[in-house]
Amino acid sequence: MPMMTRDVLLEMELEEDDEEDGDIALENLEQTNVSGFGSLKSQQDLRTPEFEEFNGKPDSLYFNDGQRRIDFVLVYEDESRKETNKKGSNEKQRRKRQAYESNLICDGLQLEATRSLVDDKLVFVKVHAPWEVLCTYAEIMHIKLPLKPNDLKTRSSAFDNFNWFTKLLQVDESIIKPEQEFFTAPFEKNRMNDFYIQDRDTFFNPATRSRIVYFILSRIMYQVRDNVKKFGINKLVNSGIYKAAFPLHDCNFSTPSEDLSCPNERYLLYREWAHPRSIYKKQPLDLIRKYYGEKIGIYFAWLGYYTQMLLLAAIVGVACFLYGYFTEDNCTWSKEVCDPNIGGQIIMCPQCDNECPFWSLNVTCESSKKLCIFDSFGTLVFAVFMGVWVTLFLEFWKRRQAELEYEWDTVELQQEEQARPEYEARCTHVVINEITQEEERVPFTTWGKCIRVTLCASAVFFWILLIIASVIGIIVYRLSVFVIFSVNLRKISNGTDPIQKYVTPQMATSITASLISFIIIMILNTIYEKVAIMITNFELPRTQTDYENSLTMKMFLFQFVNYYSSCFYIAFFKGKFVGYPGDPVYWLGKYRNEECDPGGCLLELTTQLIIIMGGKAIWNNIQEVLLPWVMNVFGRCRTVSGAEKRTPRWEQDYHLQPMGKLGLFYEYLEMIIQFGFVTLFVASFPLAPLLALVNNILEIRVDAWKLTTQYRRMVPEKAQDIGAWQPIMQGIAILAVVTNAMIIAFTSDMIPRLVYYWSFSIPPYGDHPDYSMEGYINISLSIFNTADFKSRVKENPYAGSKYDTCRYRDFRYPPGHPQEYKHNIYYWHVIAAKLAFIIVMEHIIYSVKFFISYTIPDVSKSTKSKIKREKYLTQKLLHENHLKDMTKNIGVIAEKMIGAVVDNNLRPKSD
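Naming follows an unreviewed UniProt entry, where the protein appears as Anoctamin of Bos indicus x Bos taurus. UniProt annotates the protein under Sequence similarities (unreviewed entry) with the comment "Belongs to the anoctamin family."

### Topic: the sheet that holds strand S3 (residues 72-77)
Reading across the sheet, the five strands line up as S2-S4-S5-S3-S10 and stay open at both edges, with mixed pairing between neighbours. Of all the strands in the sheet, the pair left with one neighbour each is strand S2 (50-51) and strand S10 (244-246). Alignment of S3 against S10, held across three bridges, turns out to be antiparallel. The residue of S10 that forms the bridge with Val 73 is Phe 246. Where helix H6 (residues 206-217) meets the sheet, its contacts fall on S3 and strand S5 (122-128), and the angle it forms with S3 comes to roughly 45 degrees.

### Observations concerning the pairing of strand S4 (residues 110-115)
Taken together, the two bridges between S2 and S4 define a ladder with parallel strand orientation. If you follow Glu 50 over to S4, its bridge partner there is Glu 112. Sheet topology note: the S4/S5 ladder contains six bridges and is antiparallel. In the strand pairing of S5, Ala 113 is matched with Val 125. What sits between S4 and S5 in their antiparallel hairpin is a turn of six residues.

### Side note on the pattern of salt bridges
Any two side chains of opposite charge can pair, on the condition that their charged atoms come close. Summed over all chains, the structure comprises 25 salt bridges. For Asp 653, the salt bridge goes to Arg 649, with nearest N and O atoms at 2.9 Å. Taken together, the positions of Asp 653 and Arg 649, both in helix H21 (residues 649-654) and four residues apart, correspond to about one turn of that helix. You can call Asp 653 buried: its relative accessible area is 0%.

### Considerations on unusual backbone geometry
Among all residues except glycine, the phi angle is most often negative; among peptide bonds, the trans geometry is most common. Omega for the bond connecting Pro 763 with Pro 764 falls within 30 degrees of zero, at 10 degrees, which places this linkage in the cis form. On the secondary structure map, Pro 764 appears in the loop between helix H25 (750-760) and helix H26 (776-780). In this model, Asp 409 sits at a positive phi of 60 degrees, which is unusual for a non-glycine residue. Using a relative accessible area of 15% as the deciding quantity, one classes Asp 409 as buried. Not every positive phi belongs to a glycine, and Tyr 821 is a case in point at roughly 65 degrees. With respect to the helices, strands and loops of the structure, Tyr 821 is situated in the loop between strand S20 (805-809) and helix H27 (825-855). Classification of Tyr 821 as buried rests on a relative accessible area of 7%.

### Digging into helix H8 (residues 265-274)
For H8, the tally of buried residues reaches nine of 10 residues, placing the bulk of the element in the interior. Among the residues making up H8, those that are buried are Glu 265, Arg 266, Tyr 267, Leu 268, Leu 269, Tyr 270, Glu 272, Trp 273 and Ala 274. Residues of H8 that are buried sit in contact with helix H9 (285-292), helix H10 (294-326), H21 and helix H23 (688-710).

### Remarks on the state of the cysteines
According to the stated counting rule, one finds three disulfides in the structure shown. Bridging Cys 331 to Cys 372, the disulfide has an S-S length of 2.2 Å. The chirality of the disulfide connecting Cys 331 with Cys 372 is left-handed, given an S-S dihedral of about -65 degrees. On the criterion of sequence distance, the pair formed by Cys 331 in the loop between H10 and helix H11 (332-338) and Cys 372 in helix H12 (residues 365-374) is long-range, its members being 41 residues apart. Cys 251 takes part in no disulfide bond, and the closest cysteine sulfur to it belongs to Cys 262, at a distance of 4.9 Å. You can call Cys 251 buried: its relative accessible area is 1%.

Cut-off values and rules
Residues numbered from 1 in each chain as written. Predicted model: local features only at pLDDT ≥ 70, side-chain atom pairs only at ≥ 80, totals over all residues. Heavy atoms only, no water. UniProt positions renumbered as here; feature names shortened; annotations may be inferred. Pairing = 2+ DSSP bridges. Helix = DSSP H or I, 4+ residues; strand = E, 2+ residues; numbered from the N terminus. Contact = heavy atoms within 4.5 Å. Axes fitted to C-alpha atoms, helices over the stretch in contact; angles between N-to-C directions. Salt bridge = Lys/Arg side-chain N within 4 Å of Asp/Glu carboxyl O. Buried < 20%, exposed > 50% of the residue type's maximum accessible area, 1.4 Å probe, protein only. Disulfide = S-S within 2.5 Å.

Given below as structure tokens:
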């Protein structure tokens, strides 16, 4: 697209140590920028912005002339006033900045500079895009713009007569007016008359203007060195040439603007969305999308929908928890554990080799009571329910997402997304496109791509191994410290101590190990975030969507192992391969494997979930709320007292915190990790959805408060959906069925209790005339002869003990039996029942899931009709306008031809 511009490219010194990454080859110059490029070697040819004094209007969003709107702001520190001795470095930075600003002016943008009122070293360069530039780049970026008002009628709902309650939750339409809907089409300059242009100043809304200007800023050159060109505002900011680059908020968040023409959208968002008094109201998604762009809008739409669906899961989870709580007194096996005549008489075997003491079973009385709450029939019902709930959530979210795609004009977004400038800069290899059979440029060959993918995969695999090593370290800690707690906490002679009553060695080990695991998780997260970004930058994805999807998969794979590995260990490995007291299994050939409480490891898994979920929520809120607030307060304290009231809007925004390069990536990651905890291990903690619900209600308002009050306005971006997070959630949903079935089968004691109740409590195996749970504790604990103890240090460390026998958690034959210490028939009945339960539960839930997925279409019938109708009417409108233009042109041509014929006929013939 030729334009009446030219670029100024400075020849910089060869010895310069440039810290910026990514260069542009001259041979790819035409593909990188839409402008034609010239090279002005003379420093006098540079075009610089004019300096203007602040006009005293702090709420103004315009240049000093009051006509040209500020679309973007660049901030730099004047090199001539810097307190540094590096004059050569300052001069190089100044020349780069001047070249960049000159090229911006040559490309059609208009600049105006103003010095800071607080710090005279700071200079604010205001950027304005004229109408011609906006139109040109809107066509290049395939931006959809209004053709005519949308006259499609919305279907009335059968529940319209009952929505009096929902009106209380809706945002007041008199305050935030509904957005007018339009038929849209990709903008074309030669069809400008077809578009709905009533006012040139409002045809491009502020978000679209900022997006176009940022597109230009990201692709303008500023340096050529060794036949390599460098470009982009991001590199300039990273290298310190500019301090910041951002679009403006439209007003102060706490008070409306004094400018009557200002829409005060930031103020409305804070009042009706971010303020704590609006916590019960629905989110104004259309205004969020209008002000911040579709990418942020779709995040809050997804988070709000996820929170709404959590309400149902939380209600069912609380009901199952209350069922376990109120039926706790009917828990027969717990009563036997607490009974002094039963549990008090059962002596348990030591659980370590260093002369750990024998201990009484009733020491675990309190933990067995708690276990009755979580390990109940209600937990089984809730696990099945959550398998269905997660499918309903994903399917209904697809429908809601399709509606938003239609309402926000992102149905065909993938066709209009531009390549990242970093990708374009590396396109030096010529290949033949298989579809068009034309030459195109790519950043690397097929062999080079394979090398990059291999290196990236190896780096990710290395970090996953590092996490596994940390998990092994935690296990070693658990095995080592358990001996200490066993010696110090279990003393049969003083079993009434309150500490010993509530804190068992297993519980103390679990709590301390969970806390250490949480600290290690957060440290590894901080390091790996930087590594993942470096790996993805090296991989060089083509579009921003591809970049974020690639980074998402790397980060989630790491986070999955990091957060969930300890839970998987407790649920499926701890206490499963321990042998028996006479022949224990040693881990790494040195450490004796951990054992679970007599009631199983379910309560320990619950403790692990509570610590990680609760600790993660507290840590994230500290990071998201306190850190930006403290940084902003500190920044305001450094400014002159009272100056903030009179400083202009761009200076107030500069002192806010930048959002960060990845935007909402970490917000998504936080919620998806939570989604994994809610679904993967919900069979052990039915209150997890309730905790997630409370956290998310606060999370929505905290994120809203953070965006509207503590952060600069982000560059609006388009987004069609939530990206790679959708297939990740689908994978978690499939895995959750397996994990919950295995938790119920192998981690809890539900299956062994059911087998005893239905088979071994009555003849021929039992002595009870009717089905009963009495005697379960006795049959679930095997007998061991203390004379058979062995040790690696000495023959029998417990020789001469006053106890001839002790009990341990397993299903084995007693000493003296022909198959002593071998698994008995009850064990094989339990194993068969567990396997049968897993197969039946998985098949039932998967069948229901697939049936629901099949019966609920991803796009509702009404949305499909609206999309087809809009496409038809849009094509018809454009076709009719085109026909009118052709008819008009043909009419003009016909009139001219008829006029010419008449003139020829009336002209007298020459003799």
